[in-house]
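Understanding the architecture of this molecule
Spelled out, the chains give:
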Amino acid sequence: MDHEWLSSSPLIAVPEAEEDYTDSYIEQITQDFEELTWFRESHRFADLYSVKASAVDLAYACVSPMAQVIRAESLLFLELQDQQNPQPIETARVHSLAGPPFPAAAWQLELWIQHLSERGQVSPILLDRSCDEAELKRFPNIRNCMLTVVAKGERNYGWLIAINKALPDEAAFQRIDRIDPWNELRFGTFEGGLLTTAANMLASQASNSESFAAQEEL
């Protein structure tokens, strides 16, 4: 009797909203897994680096893979030179950690960040063209971006800059209006937290490297 009822019963349809939330849950688990993987790999690489390694070396080894986790099309490290002992030619250098090279000179990025700081923007800085057109008008190829200072104490070593959150695939794009449009198309607190963690790691490496170099000079 029970078998007959089961065989004749129609399949229970899963509501579309439940399917959306299931997909969202799977995406969240995938994101958490990628985050944990990046943390594990970055700490493993960091342990291999001695105090002689520069923050730039660590950025290429540990921070560049994070671009995939936060879905950034480009990831930059704007390295600032010590203002008390600047280089004779340049005071800043831009390093493309992931994605295509950014079509702007280091000094342009430095002036832009200085402008944002003067307007009261505090790290991490999240900008989107839909509401920050004035701040992004000088860089027409930026849809959205995220900037985090690399600093320890009063010493500013530079900035990490994530540019343009990669657009989701077609299936995910169709669910944007029903789930969370901000997280799908723009950088948010999750990405900001990861970028800040990476910036703190680079700042510690840069500080240790400077201290080691000063001891060697003595």
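These numbers were taken from a predicted model, which means no experiment stands behind them.

**Side note on the side chain of Asn144**
Position of Asn144 among the secondary structure elements: in strand β4 (residues 144-152). Engagement of the side chain of Asn144 in a polar contact is seen with the backbone oxygen of Leu185, the distance being 3.1 Å. With near-sequence residues (within four places) excluded, Asn144 lies in contact with Leu127, Asp128, Ala162, Ile163, Asn164, Lys165, Leu185, Arg186 and Phe187.

**Overview of the confidence of the model for the protein chain**
Per-chain confidence: the protein chain averages 76 in pLDDT, with 64% of residues scoring 70 or above. Here residues 1-14 scores under 50 on pLDDT; set against residues more than four positions off or in separate chains, the count is one contact. In this model, residues 175-182 is a region of pLDDT below 50 whose contacts with residues beyond four sequence positions or in other chains number 14 contacts.

**Observations regarding the sheet that holds β4**
Across the sheet, five strands lie side by side as β2-β1-β5-β4-β3; this open sheet has antiparallel pairing. Whereas interior strands pair on both sides, the edge strands pair on one side only; in this sheet they are β2 (92-98) and β3 (125-128). Ignoring which end each strand starts from, the neighbouring axes of this sheet average 20 degrees apart. Here eight bridges tie β4 to strand β5 (residues 155-165), and the two strands are oriented antiparallel to one another. Opposite Ala151, over in β5, you have Asn156 as the bridge partner. Where helix α5 (residues 106-118) meets the sheet, it contacts β1 (72-80), β2, β3, β4 and β5, and its direction lies at approximately 90 degrees from that of β1.

**Observations concerning the pattern of salt bridges**
The full count for this structure, using the stated rule, is six salt bridges. Among the ionic pairs, Glu73 bridges to Arg143, the shortest N-O distance being 3.1 Å. Linking Glu73 in strand β1 with Arg143 in the loop between α6 (133-136) and β4, this pair joins segments that are 70 residues apart in sequence. Glu73 gets classed as partly exposed once you look at its relative accessible area, which sits at 34%. Residue Asp128 is joined to Arg186 by a salt bridge in which the shortest nitrogen-to-oxygen separation is 3.2 Å. You can see Asp128 sitting in strand β3 and its partner Arg186 sitting in the loop between α8 (181-185) and α9 (189-217), a full 58 residues away along the chain. Taking the relative accessible area as the measure of exposure, Asp128 reaches 7% and is therefore buried.

About the cut-offs
Numbers given for residues are sequential positions, taken from 1 along each chain in its written order. Given that the model is predicted, a residue must reach a pLDDT of at least 70 before its local features are reported, and side-chain atom pairs must reach 80 or more before they are shown or counted; all residues, however, enter totals for whole chains, interfaces and linings. To obtain the side-chain values, all non-hydrogen atoms of the structure were used and water was disregarded. Here a helix means four or more residues in a row that DSSP labels H or I, a strand means two or more in a row labelled E, and each is numbered from the N terminus. Polar contact criterion, stated in full: a pair of N or O atoms within 3.5 Å, where within protein one must be able to donate a hydrogen and the other to accept it, and residues adjacent in sequence count only if both atoms are side-chain atoms. In what follows, residue pairs with any heavy atoms lying within 4.5 Å of each other are defined as contacts. Values of pLDDT, which run from 0 to 100, indicate the predictor's confidence residue by residue. Strand pairing is defined by DSSP finding a minimum of two bridges between the two strands. Orientation is described by lines fitted to C-alpha atoms, with helices fitted over the stretch in contact, and by angles between N-to-C directions that extend from 0 to 180 degrees. Salt bridges are defined as contacts in which a side-chain nitrogen from Lys or Arg sits within 4 Å of a carboxyl oxygen from Asp or Glu. Buried means the residue's accessible area, taken with a 1.4 Å probe over protein chains only, is under 20% of the maximum for its type, while exposed means over 50%, and partly exposed covers the values in between.

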